[in-house]
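So the chains spell out like this:
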Amino acid sequence: MRAFLAKFVALSIVSGTTIGINKILLTYFGLSLQATNWQLGLISASETLGLALGTLPAGVLVSRGNPRGLYGQASAVLAICFLLIPRLGVWFLLPPLMAFVGFFISFRIVSMNAIFLGELKGLGHGFAGWYRGTLSLGTMAIGPWFGNFFTRKLGLSSTFLISSGLFAGMATFGVLALPRKHSEVAFVASAKPEHWLLVLWRNPVVRRACLMEGLSGYCSSFFSTFMLVILIRDHGWSRERAIHILLLNGTAYVTVLLAAGWVLAKVERRILDRIVYSAAVVAMVGLGLAGRPAAFVVWTALFSLSLGFNNLINITSVSASNCDRGHISGVTTLTQMFGGCLGSALGGALSCVVKLQLLFVVFALPWVAASVIRQPGRPAVEASPEVSRLQEERA
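Our subject in this report is the structure included herewith.

Definitions and limits used
- Residues numbered from 1 in each chain as written.
- Predicted model: local features only at pLDDT ≥ 70, side-chain atom pairs only at ≥ 80, totals over all residues.
- Heavy atoms only, no water.
- 1 Å grid on protein atoms, 1.4 Å probe; cavity = no way out; pocket = protein on both sides within 12 Å on 5 of 7 lines; lining within 4 Å.
- Points joined across faces, edges and corners; volume = space filled by probe spheres on them.
- Helix = DSSP H or I, 4+ residues; strand = E, 2+ residues; numbered from the N terminus.
- Nonpolar A, V, L, I, M, F, W, Y, C, P; charged D, E, K, R; others polar.
- Axes fitted to C-alpha atoms, helices over the stretch in contact; angles between N-to-C directions.
- Parallel < 35°, antiparallel > 145°, perpendicular 65-115°, else oblique.
- Left-handed = near helix turned anticlockwise from the far one by under 90°.
- Contact = heavy atoms within 4.5 Å.

Here's the deal with empty space enclosed by the protein
Here is step 1 of the chain: Counted according to the given criterion, the structure contains 3 cavities of 30 Å³ or more.
Here is step 2 of the chain: The space that makes up the largest cavity amounts to roughly 960 Å³.
Here is step 3 of the chain: For the largest cavity, the lining is made up of 44 residues, of which Ile-19, Thr-139, Ser-220, Gln-336 and Met-337 are closest to its centre.
Here is step 4 of the chain: Sorting the residues of the lining of the largest cavity by element identifies helix 1 (2-32), helix 2 (37-63), helix 4 (94-123), helix 5 (130-153), helix 8 (204-234), helix 9 (239-259), helix 12 (293-319) and helix 13 (325-350) as the ones contributing at least two each.
Here is step 5 of the chain: Considering every element that reaches the lining of the largest cavity, the biggest residue donor is helix 8, with 8 residues.
Here is step 6 of the chain: Looking at the lining of the largest cavity, its residues break down into 22 nonpolar, 18 polar and 4 charged.
Here is step 7 of the chain: Taken as a whole, the second largest cavity holds about 120 Å³ of empty space.
Here is step 8 of the chain: Surrounding the second largest cavity, Lys-23, Leu-26, Thr-27, Leu-40, Ile-43, Ser-44, Glu-47, Met-98 and Thr-225 form its lining.
Here is step 9 of the chain: Secondary-structure elements contributing two or more residues to the lining of the second largest cavity are helix 1 and helix 2.

Right, dumping it as structure tokens:
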């Protein structure tokens, strides 16, 4: 298990770092093409839409076996794509290509997520946040720093070349680091293929996790897409200064995922849910009204901590349910990506009529509903009636 964890964590950090570099890289590339706020939102939303469209097919393919091969093939395709992006001279060519990129990124995410969920029972729930945490360490902290550093020192074209090389390296290392087959606990696999999605959705644990992952996705996407734009264009911050807010976001989020798993065993789930949702609301309202640098620091930290705990709760819940790892990984990733697509697209569209920063306040409203409306609590390991029936038939 230790050997698996070491290689998996290394691959996850490199993968997240590459994604983080690309996020900064595409923002700067869009700004260099004089893209407006809604155009930047469309570019980001297109990638997320591609992610959403790819998650269910990826989940089905992963459930049939060989997630390692799927991961390597998708990485090789992405290496080629990032060689082509800097050759695009106009912004409107970016959305279709980024949708294509997002589609193949989903195969990588679902493959690794399914493998990790399958191994989590052997690792223990204290490691529940390690995949998302190490991925986010690269995506939200290491990647943005390197993305800013490389673009400043080497330029956009050279940084795209570095990104392509990283994807090519992961295509090779992924085959060596990931196990040939992932551990599987599957009730859905015994159902008719056309019914597996419905059976998953009827599981209250999965349904709740999907809802909250969707909310987390749109908040995180809006923040990562537009926070640099808000700080640089609206508040006159330099790129070097603004990037520190993204680094703080990533550091706080990762800290929760890697070090706060013990909190779930100490605090009752319903109480923790309400604390987390309320903190998210307060943080987003604070970000929407912030003006001073200290305010951005405080509210960004609270925002990141609340999203980190939300994700930790969801991971623990679904990993303990009797679900096919490929299917459940595809569905939860789908809802998160769909939320991310809405966050970028709505943010860009509404910025035409509402000040971009004030949209944080608008986007806090669904969290208000989540903190008030709560489904009756059920143990994370409890199966839905459909699960029990399918398990009895199989026995």
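Back to the write-up after that little detour.
Here's the deal with the packing of helix 2 against helix 8
Here is step 1 of the chain: Helix 8 packs onto helix 2 with a crossing angle of 155° between their chain directions and a minimal axis gap of 10 Å. When the axes of helix 2 and helix 8 are compared, the pair comes out roughly antiparallel. Of the two elements, helix 2 crosses helix 8, and the hand of that crossing is right-handed. Where helix 2 approaches helix 8, its residues Asn-37, Leu-40, Gly-41 and Ser-44 are matched on the opposing element by Ser-221, Thr-225, Phe-226, Val-229 and Arg-233.
Here is step 2 of the chain: Split by residue class, the contact of helix 2 with helix 8 holds 3 nonpolar, 5 polar and 1 charged.

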